[in-house]
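Residue-level structure breakdown
What follows is each chain in one-letter form.
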Amino acid sequence: NKENVLRRFLKLSGVVFAGLILLSGCRGATVYNVENSPIEAKIPSSKVYDAIKMAGASKGWIITNIRPGLAMGKLNARSHTAIVEIPYTENSFSIRYKDSTDLNYDASNNQIHKNYNGWIKNLENAINVQLSVLAN
């Protein structure tokens, strides 16, 4: 009868809709990069590196100095690894995606596991906190 057909259709539509929502949640997010975040206080670039290193360590990142003005950050979280480049001067710093493992990075549409962006925002905030501590 018509009621049973309508009920089945609505039930199937609900399942399909729920599946689409679930799949869209797993797709990931656009890679978040920090570009030229300004440093308000006058701090020598060597001290900016110190702030980046301390901030990274506070969030579980291993920060290494590649050369003056360029640091690299690596975060291992369970089976996931994120690697970023952190160019810096006495006036600004950036955090840019470099590589990852097990984070479903898709270069064609610049998408990555949604947790990655949280890690980067936490690192950015921690760097800003350390820079403000050094400024005072």
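This one's a predicted model, so the numbers in the text were calculated from it and none came from an experiment. Here, residues in each chain are numbered from 1, in the same order as that chain's written sequence. Since the coordinates come from a predicted model, pLDDT governs what is reported: local features require at least 70, and pairs of side-chain atoms require 80 or more to be given and counted, while whole-chain, interface and lining totals use all residues. As a rule here, side-chain values come from all non-hydrogen atoms in the structure, and water together with hydrogens is ignored.

**Regarding the packing of aromatic side chains**
Quick reminder of the rule: Any pair of Phe, Tyr and Trp rings, taking the six-membered ring for Trp, is counted once the centres come within 6.5 Å. Such a pair is stacked with planes under 30 degrees apart, edge-to-face with planes over 60 apart, and tilted for the rest. Numbering of helices and strands runs from the N terminus, with a helix taken as a DSSP run of H or I at least four residues long and a strand as a DSSP run of E at least two residues long. Buried means the residue's accessible area, taken with a 1.4 Å probe over protein chains only, is under 20% of the maximum for its type, while exposed means over 50%, and partly exposed covers the values in between. Over a ring means this: the NZ of a Lys or the CZ of an Arg is within 6 Å of the ring centre and within 35 degrees of the ring normal.
Applying the stated criterion across every chain, the model contains three aromatic pairs. When the ring of Y97 is compared with that of Y116, the centres are 5.7 Å apart and the planes differ by 75°; the resulting orientation is edge-to-face. Here Y116 lies in helix α3 (residues 114–135) and Y97 lies in strand β6 (residues 92–101), a separation of 19 residues in the sequence. A relative accessible area of 16% means that Y97 is categorised as buried. An aromatic cluster is defined as three or more aromatic residues linked by ring pairs; in this entry it consists of Y97, Y105 and Y116. We note K121 situated over the ring of Y32; from NZ or CZ to the ring centre the distance is 5.0 Å.

**A word on the sheet that holds β6**
Formally: When DSSP finds two or more bridges between a pair of strands, those strands are recorded as paired. Angles run from 0 to 180 degrees between N-to-C directions of axes, and those axes are lines fitted to C-alpha atoms, restricted for helices to the stretch in contact. Residues count as neighbours in contact if any of their non-hydrogen atoms are within 4.5 Å of one another.
If you walk across this open sheet you meet the five strands as β2-β6-β5-β4-β3, and the pairing is antiparallel. Each having just a single partner strand, β2 (34–38) and β3 (61–67) make up the two edges of the open sheet. Averaged over all adjacent pairs, the angle separating strand axes in this sheet is 25°, with direction ignored. Taken together, the five bridges between strand β5 (residues 80–87) and β6 define a ladder with antiparallel strand orientation. Paired with V84 across the strands is Y97, a residue of β6. Strand contacts of helix α2 (residues 45–58): β3, β4 (70–77) and β5, with the helix running at about 155° to β3, the strand carrying the most contacts.

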